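Geometric and topological summary
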Amino acid sequence: MPIAVILGGGFAGLTIANKLAIKLKKRKEVEIVLIEPADLHLYEPGLLYYPFNDKPMSKLEKPISKILRKNVKHIKQKATKIDHENKKITLEDGKVIDYNCLVIATGVDLKEESLGLTDKDNVHHFYSAEATLKIREALKNFKGGNIVISPSTVPYKCPPAPVEFAFLLDEYLRRKKIRDKTNIKFLYPLPRPFNIRVVAAKILKLFEKKGIEFEPFFNYDKINTENKKILSFEGDKASYDLLVIIPPHEGQDVIKESGLGDKEGFVITDRETLQVEGQKSIYAVGDCTNIPASKAGTVAHFSADVIVKNMISKLDEKEPTARYDGKTLCFLVTSSSKSFLLDFSFKKEPRKIGLHSWRIYGIMKKLFQYLYFGGLITGRI
Amino acid sequence: MVDYEITISIDARGSFCPGPMMELIKAIRQSEVGDFVEVLSNDEGSLQDIPAWIAKAKHELIDTVKEADFNRFIVKKTW
Ligand SMILES: Cc1cc2nc3c(=O)[nH]c(=O)nc-3n(C[C@H](O)[C@H](O)[C@H](O)COP(=O)(O)OP(=O)(O)OC[C@H]3O[C@@H](n4cnc5c(N)ncnc54)[C@H](O)[C@@H]3O)c2cc1C
């Protein structure tokens, strides 16, 4: 019986596994296997709001067993090596799994330790549940001063997230009545706060209105924790009382070990077929790829359709013709109740209509968790 | 005309903005003062972004050569 293996069960892997399971429900001729060490799935987009509220993190979590369809076998382990010549995957305990078709969905590895920081340094982020609880405490204790926000590398997950964080932080400090005692500085590696120029211009206008200082071309070099300064490769520096830095992102060790990645360990993937370079039986989806699209759930969602269609075509011995066009849909939060809706692809910039900051979009972003668990990750939409 | 020998050459053709600029930044990080780094890019945005970054970081843009369907940027690491 052919075996379809999905390596990594985050948003992308679970979506693919469930979509395949739905399509192949009545055809029992394929075994679907998911390799994922975790028991719980975290709704990452929710992390953006949690530094500013008191809700328990458990509200963002759901057991994988409740998300995954019954006709998918879940192997709770980490993979250490993909032998693409012999179509075998080695697991941490030494066991070997065969595959006929493989989908890599291993996400990114956050290299927090490479920053060399301790809890006392007042340097935080909101890209994991643990870190989000810490930044929540730091913000509670914050009485005024300089807050500096900066990504340490590009690419990082969800390109607008640091900008959105800055907007929500501005609102939070106003609520706490310490905004007038606080400078918010946004340091960015690129010349604009968003890659697409029309969107960047809108953001800069709002930054100005809200008194958020923007500094372009600030590529992180190091942090001097003793005198609380962040230094850039361009030779600039900024003082902070609280520093929000998005940790460096790299591909996972299993990709590096298997020779399927670029210099940073991101899987070398064709941006249209989503096939791994030189590998007819391997696809890659989600944050783990090197395609020039956002590292975002929405990209994984639209890519998943393409991969599943092509896998079914191959099973039916037909030409796999589905292609990914870079479609990305993204709500960019500008306050707790408003957001822009951006709809773009490789060839299409966001339309003007999507650039209005509407309340309805703000509400939709907040309610998105229901759609995420109810329809998207279950493979129904 | 500056006499130079390219130390690192990066072919960023096919990579989209900000890819070529980020590739250049990475190469400059890895090179020595006085090295000449070359980036090939067919992304139109690079024509603005790469010179702007070089000016900001106070390195030297030695030349921008227009080839048939891409641009070649030659940069000297000055510090
Ligand atoms: C704060 C924040 C806000 C965000 N907001 C949005 C948003 O509004 N909209 C949006 O579209 N996206 C958003 N994102 C991005 C989105 O969450 C990610 O793009 C998405 O989760 C990517 O899914 P993935 O499956 O590719 O990676 P992940 O969800 O990271 O999953 C990767 C999985 O692979 C597993 N894995 C890794 N290595 C191995 C191995 N060796 N063996 C087996 N398994 C392995 C991991 O355990 C993990 O479960 C946000 C992200 C953050 C951090």
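Residues numbered from 1 in each chain as written. Chains lettered and ligands numbered in written order. Predicted model: local features only at pLDDT ≥ 70, side-chain atom pairs only at ≥ 80, totals over all residues. Heavy atoms only, no water.

**Regarding the overall build of chain B**
As a reminder of what qualifies: To qualify as a helix, a DSSP run of H or I must reach at least 4 residues; to qualify as a strand, a run of E must reach at least 2; elements of each kind are numbered from the N terminus. As a reference, a globule follows 2.2 Å times the number of residues to the power 0.38, and the radius of gyration itself is taken over C-alpha atoms. Only protein chains enter the accessibility calculation, which uses a 1.4 Å probe; a residue is then buried when its area is under 20% of its type maximum, exposed when over 50%, and partly exposed in between. Using a 1.4 Å probe, accessible areas were evaluated by the Shrake-Rupley method; residue-level cover was limited to the displayed protein chains.
The number of helices and strands found in chain B is two helices and four strands. Along chain B, helices and strands appear, N-terminal first, in the series β-α-β-α-β-β. Here chain B has a C-alpha radius of gyration of 11 Å; the compact-globule value for 79 residues is 12 Å, and the two agree. Principal-axis analysis of the C-alpha atoms places the extent of chain B at approximately 30 × 25 × 20 Å. Across the 79 residues in chain B, those meeting the buried criterion constitute 46%. Approximately 4,000 Å² of chain B is accessible, and the part contributed by carbon and sulfur atoms is 49%.

**Things to note about the state of the cysteines**
Residues and elements named next belong to chain A. The test is simple: Working definition: a disulfide is two cysteine sulfur atoms within 2.5 Å of each other.
Tallying each qualifying case throughout the model produces zero disulfides over all chains. The thiol of Cys 101 is not disulfide-bonded; the next cysteine sulfur, from Cys 288, is found 14 Å away. Looking at Cys 158, it has no disulfide partner, and the nearest cysteine sulfur is the one in Cys 330, 6.0 Å off.

**Digging into a positive patch on the surface**
Using the following cut-off: Patch rule: a residue counts if its relative accessible area is over 30% and it has no salt bridge; like charges are joined within 9 Å, and nonpolar side chains (Val, Leu, Ile, Met, Phe, Trp, Tyr) within 5 Å. Every case where a carboxyl oxygen of Asp or Glu lies within 4 Å of a side-chain nitrogen of Lys or Arg is listed as a salt bridge. His is not counted here, nor are the chain ends, while Lys and Arg score as positive and Asp and Glu score as negative. Charged side chains are reduced to one point each, which is NZ for Lys, CZ for Arg, CG for Asp and CD for Glu.
A cluster of like positive charges, contributed by Lys55(A), Lys59(A), Arg175(A) and Lys366(A), occupies part of the molecular surface. Turning to its location among the elements, Lys55(A) is positioned in the loop between β3 (40-42) and β4 (61-63).

**Some points on the domain arrangement of chain A**
One frequently used descriptor of interface size is the decrease in accessible area upon assembly of the parts. Residue and element names in this part refer to chain A. Cut-off, in case you're wondering: Segment limits for the domains were obtained from an automatic or database-derived domain assignment. Note on contacts: a residue pair is in contact if any heavy atoms of the two residues lie within 4.5 Å. Defined here as a combined quantity, buried area equals the accessible surface (1.4 Å probe) lost by two parts on assembly, summed across both.
Partitioning chain A into structural domains gives domain 1 (3-108 + 251-326) and domain 2 (113-249). For domain 1 versus domain 2, the distance between C-alpha centres works out to 31 Å. Each side of the interface is counted separately: domain 1 has 17 residues, and domain 2 has 23 residues. With both chains or domains summed, domain 1 and domain 2 bury close to 1,700 Å², and 70% of this area falls on carbon and sulfur atoms. Looking at the side of domain 1 facing domain 2, the largest losses of area belong to Leu 48, Pro 51 and Phe 52, adding up to 38% of the total buried there.

**Some details on a nonpolar patch on the surface**
Taken together, Ile363(A), Leu367(A) and Tyr370(A) make up a surface patch of nonpolar side chains, about 360 Å² in accessible area. On the secondary structure map, Leu367(A) appears in helix α8 (residues 359-376).

**Considerations on the sheet that holds strand β6 (residues 79-83) of chain A**
Residue and element names in this part refer to chain A. Using the following cut-off: When DSSP locates at least two bridges between a pair of strands, those strands are taken to pair. Where helices are involved, their axes are fitted lines through C-alpha atoms of the stretch in contact, as for all axes, and angles between N-to-C directions lie from 0 to 180°.
Spatially, the three strands line up as an open sheet ordered β6-β7-β8, and their pairing is antiparallel. Among the strands making up the open sheet, the edge pair consists of β6 and β8 (96-98). The mean inter-strand angle of the sheet, taken between neighbouring strand axes irrespective of direction, is 20°. Two strands pair when backbone bridges link them, and β6 and strand β7 (residues 88-91) are joined in this way by four bridges, in the antiparallel orientation. Bridged to Asp 83 within β7 is Lys 88.

**Regarding the pairing of strand β12 (residues 145-151) of chain A**
The criterion, for reference: Note on handedness: a clockwise path from strand one over the helix to strand two, with the strands aimed away from the viewer, defines a right-handed crossover.
Most of β12(A) sits out of view: six of its seven residues are buried. Read as a crossover between parallel neighbours, the route from β12(A) over helix α4 (residues 161-175) of chain A to strand β13 (residues 182-187) of chain A is right-handed.

**As for the interface of chain A and chain B**
Selection criterion: Polar contacts, as counted here, are pairs of nitrogen or oxygen atoms within 3.5 Å of one another; within protein the pair requires one atom able to donate a hydrogen and one able to accept it, and residues that are adjacent in sequence qualify only if both atoms are side-chain atoms. Residue polarity is assigned by list, with Asp, Glu, Lys and Arg as charged and Ala, Val, Leu, Ile, Met, Phe, Trp, Tyr, Cys and Pro as nonpolar; anything else, Gly included, falls into the polar class.
Contacts between the two partners involve 21 residues from chain A, matched on the other side by 18 residues from chain B. Summed over both partners, the interface of chain A with chain B comes to about 1,600 Å²; 58% of that surface belongs to carbon and sulfur atoms. The interface formed by chain A and chain B holds seven salt bridges in total. The shortest N-O distance in the salt bridge between Arg29(B) and Asp221(A) comes to 3.9 Å. At the junction of chain A with chain B, the criterion picks out seven residue pairs in polar contact (both at pLDDT 80 or more). Classifying every residue of the side of chain A that touches chain B by side-chain character gives nine nonpolar, three polar and nine charged.

**Details of the site of the ligand**
Residues and elements named next belong to chain A. The test is simple: Nearness is defined per residue: one heavy atom within 4 Å of the molecule or strand is enough.
Around the ligand, a shell composed of 31 residues is seen, among which Ala 12, Glu 36, Glu 44, Asp 287 and Lys 365 lie nearest. At 3.4 Å, a backbone N or O of Ala 296 approaches an oxygen atom of the ligand. Burial of the ligand by the protein amounts to 89% of the accessible area it has alone, namely 1,000 Å². Mapped by element, the contributors of at least two residues to the shell around the ligand are α1 (11-23) and α7 (297-315). Looking at side-chain class alone, the shell around the ligand contains 14 nonpolar, ten polar and seven charged residues.

**Thoughts on the environment of Lys66(B)**
Mapped onto the fold, Lys66(B) is located in strand β3 (residues 60-66). Taking the C-alpha atoms as reference points, Lys66(B) and Ala27(B), separated by 39 residues in sequence, lie 21 Å from one another.

**Re α8(A)**
Heads up, the rule is: Take the seven residues that end at a residue and the seven that start at it, fit an axis to each, and the angle between those axes is the bend at that residue.
When the local axis directions of α8(A) are compared, the greatest deviation, roughly 45°, occurs at Leu367(A). If you check which residues of α8(A) are buried, you get Tyr361(A), Gly362(A), Lys365(A), Tyr372(A), Phe373(A), Gly375(A) and Leu376(A).

**Concerning helix α5 (residues 197-210) of chain A**
Residues and elements named next belong to chain A. As a reminder, the rule being used: What a helix should span is 1.5 Å times the count of its residues minus one. Directions are taken from the helix axis to each C-beta atom, and the arc is the one they span.
Over its 14 residues, α5 runs 20 Å from end to end, which matches the ideal 20 Å to within 8%, given 1.5 Å per residue. Among all positions of α5, only Val 199, Ala 200, Ile 203, Leu 206, Phe 207 and Lys 210 are buried. Down the axis, α5 shows its buried residues gathered within 125° of arc, on one side only. Away from its buried face by more than 90 degrees, α5 exposes Lys 205, Glu 208 and Lys 209. For α5, the secondary structure elements touched by its buried residues are α4, β13, β14 (212-215), β21 (328-333) and β22 (339-344).

**Thoughts on the sheet that holds strand β4 (residues 71-76) of chain B**
Residue and element names in this part refer to chain B. What the four strands build is an open sheet, ordered β1-β2-β4-β3; its pairing is mixed. Looking at which strands have only one partner, the edges of the open sheet turn out to be β1 (6-11) and β3. Looking at each pair of strands side by side, their axes are set apart by 20° on average, direction ignored. Pairing of β1 with strand β2 (residues 36-41) involves five bridges; the strand directions are parallel. Bridge pairing links Ile 10 to Val 39 in β2. Each of β1, β2 and β4 touches helix α1 (residues 19-30); the most contacted strand, β2, lies at about 165° to it. Against the sheet, helix α2 (residues 46-57) makes contact with β2, β3 and β4, and its axis sits at roughly 0° relative to β4, the strand it touches most.

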